[in-house]
There are 2 protein chains.
Amino acid sequence: MVDFKPKKLLLRALAGERTERPPIWLMRQAGRYLPEYHVTRAQAGGMLELCNSPEHAVEVTLQPIRRFGFDAAILFADLPQIAAALGQTLEYKEGEGPVLSPPIRSPADIARLSLSRLHEELAPIYETVRRLTVALPSNVTLIGYAGAPWTVATYMVEGRGGGPTDHAIIKQWALSDPDGFQPLIDLLTDAIIQFLDRQIEAGAEAIQLFESWAGLLPDVFFDLWCVRPVAKIIQALKAKHPETPIITFPRGAGLRYDGYAQATGADGIGLDGTVPLAWAAEHIQAGLGRCVQGNLDNQLLVAGGPALPAETDRILAALGRGPFIFNLGHGILKTTPPEHVDALVRQVQSWRA
Amino acid sequence: MVDFKPKKLLLRALAGERTERPPIWLMRQAGRYLPEYHVTRAQAGGMLELCNSPEHAVEVTLQPIRRFGFDAAILFADLPQIAAALGQTLEYKEGEGPVLSPPIRSPADIARLSLSRLHEELAPIYETVRRLTVALPSNVTLIGYAGAPWTVATYMVEGRGGGPTDHAIIKQWALSDPDGFQPLIDLLTDAIIQFLDRQIEAGAEAIQLFESWAGLLPDVFFDLWCVRPVAKIIQALKAKHPETPIITFPRGAGLRYDGYAQATGADGIGLDGTVPLAWAAEHIQAGLGRCVQGNLDNQLLVAGGPALPAETDRILAALGRGPFIFNLGHGILKTTPPEHVDALVRQVQSWRA
């Protein structure tokens, strides 16, 4: 029997296809800029409760789909949940964001972490994914996700994930005692492979790996803790789920974007706001035949005005012929007016290659 | 008559020469990690008083030269002083760093700024430079400096220069009303040309332009507010002072490093910690024949241990054959143990190409 169902737009772009118009979704699209998100979060009783309640997590995942008609939904969960599943205590403190205790700062601290309760702790997330496969409109792709090992490690070692930080603690430890620090990356690599495998089993159709802190490390250590673990994760997932595309987002990788894209073997490369569009078109889209994703400035989406559609057009003109997924260069800000998002989605979805 | 005085090591490197060993200095080398700095600052009566007292500013500029024997001294002054010279009020608040008021947030605010008192306000800095030409050992190069226009503008618009910030105010204004914002960049470009011209007249032998926030802007705006103004500054200074080399430090420029180096025409290119050493050797040293400067991790210099000399060696092996100036990838941190700096200087100065 022939399968007549057309493949979803986002999956076609990730397969390297030059689609008739780019799919669009926004990083952190389910979140605090939406009034309905605050209602659901209050109903759940807090952030941790929201993340661990499939009913409420499904609801907030669906909210931006209903409101804007994005082409993809990203599983609502929080990046440090995997640290809690390995044995740290996760709390959300008002104004501070996630706090992980005790912080991991020595080989002995690493040794106390364990994979033994991983899936038990993360079970609510798998259940959220399962419910979303039923609840989402048929043209919307469900993206599962995890933080990449180095980025999750920054949360675990610093002990916090919110707000600006100079990452002094993790950098001083990791750079001065790379052998003592390495087992944390190895443990996280294993945990993330298992976590994403289960998300795919539960119904995630694509995966994004967030390397939010790719800009912190000198070359050798970037290779050791950003490139190699992500390559290993992608290789392991591809071996088991060759049909599931993987997007990486090495924010701040700078001149290392090209090598990172090649060495990790990701299907899609998320671009931060510093990546020149012409470079991405030439080196990633044409050169490697890979899909790129990005990279509208999130502060411009807050500001709006005529510069917003102009900049959106510039991105579409440079990358829109694909393979391309429209997104921001960083997560959406809580100060973003929802009507700016609505206008953006209309503009991208009515554009034609 | 023949001039027998050998040209200073740092000036030879900036002229594109492959020196027998790299010169070394560190960004913010005169500063809070040195106990003697705190003594002098207290004698001066505060940060603003220190910056505006040639006697004390000369003393703190000399302190790291005496202690470590760096190959260059950088004029002690603070980046936002030029904003005060244009009409803002500059104060230092404990724990907040420099505060500039009222913040510049509209074309009307820009119109109230003026070049008329620029040199009067900056006269103590010129006097510090003049005194340093006499006070410095004959083998030490005197580097003058300024912030680049976009970076100074971030201070002026945000109203503060200390601590981490998401630069929401300047980005939302500049990106949504580029025509209204542009005159601030134009004014700063003129002011910085005049400021650096006077520093060179007073005896600065090389200039560094700090573009600490090169990573904030999408391509078109990066070109408009980072590349073009710096190219204009360098062109104007070269027309009048063809012998004075200029270093630029576009921190966070990422994939735009190459284009920035070419378009601005700087003699030396400061590398942040994300720039791969092999890339810099191939594209900047060999490809453009230009001097590179950088890029040891400042947190590793705090941490120390065997990884510090190992990473230093790796940088020397990759870039040391020149043209090269050893430096950090970002300013030295106040938590840095002076003995780590001493060991670093000994290692670099005893290395041979």
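Everything discussed here concerns the structure shown above.
Computed from a predicted model, the values in this text were never measured in an experiment.

A. Broad picture of the relation of the copies chain B and chain A. Rotating chain B by 180 degrees about the axis while translating it 0.0 Å along that axis superimposes it on chain A, leaving an RMSD of 0.0 Å. The symmetry that links the two subunits is that of a two-fold axis. Relative to the rotation axis, the C-alpha of B:Gly254 is the closest in chain B, positioned 1.9 Å from it. Comparing interface residues between copies, 97% of those in chain B also lie at the interface in chain A; the contact surface is shared.

B. Summary view of the sheet that holds strand E9 (residues 324–328) of chain B. Residue and element names in this part refer to chain B. Sheet architecture is open: seven strands sit in the order E1-E4-E5-E6-E7-E8-E9, paired in parallel fashion. Edge positions in the sheet fall to strand E1 (72–74) and E9, since each of these pairs with one other strand and no more. In this sheet, neighbouring strand axes are inclined to one another by 25 degrees on average, regardless of whether the strands run parallel or antiparallel. Alignment of strand E8 (residues 291–296) against E9, held across five bridges, turns out to be parallel.

C. View of the sheet that holds strand E7 (residues 268–270) of chain A. Residue and element names in this part refer to chain A. Sheet architecture is open: seven strands sit in the order E1-E4-E5-E6-E7-E8-E9, paired in parallel fashion. Among the strands making up the open sheet, the edge pair consists of strand E1 (72–74) and strand E9 (324–328). Within the sheet, the average angular offset between the axes of one strand and its neighbour, ignoring direction, is 25 degrees. Pairing of strand E6 (residues 246–250) with E7, which is carried by two bridges, proceeds in the parallel orientation. Across the sheet, Ile247 pairs through a bridge with Gly268, a residue of E7.

D. Representation of the interface of chain B and chain A. In this complex, chain B contributes 33 residues to the contact, which on the side of chain A involves 32 residues. At the level of secondary structure, the elements contributing two or more residues to the side of chain B that touches chain A comprise helix H9 (168–176), helix H11 (219–240), helix H13 (277–287), helix H14 (298–303) and helix H15 (307–319) of chain B. Of the residues that constitute the side of chain B that touches chain A, the class distribution is 16 nonpolar, 10 polar and seven charged.

E. Just the environment of B:Gly31, in detail. The residue B:Gly31 is located in the loop between helix H1 (9–14) and helix H2 (35–44) in this model. Those residues in contact with B:Gly31 that lie beyond four places of it in its chain are B:Tyr37, B:Ile332 and B:Lys334.

Rules and cut-offs
- Here the residue numbers are simple positions, counted from 1 along each chain's written sequence.
- Starting at A for chains and at 1 for ligands, labels are handed out in the order in which the entities are written.
- In keeping with the predicted nature of the model, local features appear solely for residues at pLDDT of at least 70, side-chain atom pairs appear and are counted solely at 80 or more, and the whole-chain, interface and lining totals rest on all residues.
- The least-squares superposition of copies is restricted to C-alpha atoms, and to residues with a pLDDT of at least 70 in both copies.
- Once C-beta atoms have been placed from the backbone, residue pairs whose C-beta atoms lie within 7 Å are recorded as contacts.
- Whether two strands pair depends on DSSP finding at least two bridges between them.
- Segments assigned H or I by DSSP are reported as helices when at least four residues long, segments assigned E as strands when at least two residues long, and all are numbered from the N terminus.
- Only the stretch in contact is used when a helix axis is fitted, and all axes are lines through C-alpha atoms; the angle between N-to-C directions ranges over 0 to 180 degrees.
- Note on residue categories: nonpolar means Ala, Val, Leu, Ile, Met, Phe, Trp, Tyr, Cys or Pro, charged means Asp, Glu, Lys or Arg, and polar means any other residue, Gly included.

The values reported here are purely geometric and, on their own, carry no functional implication.
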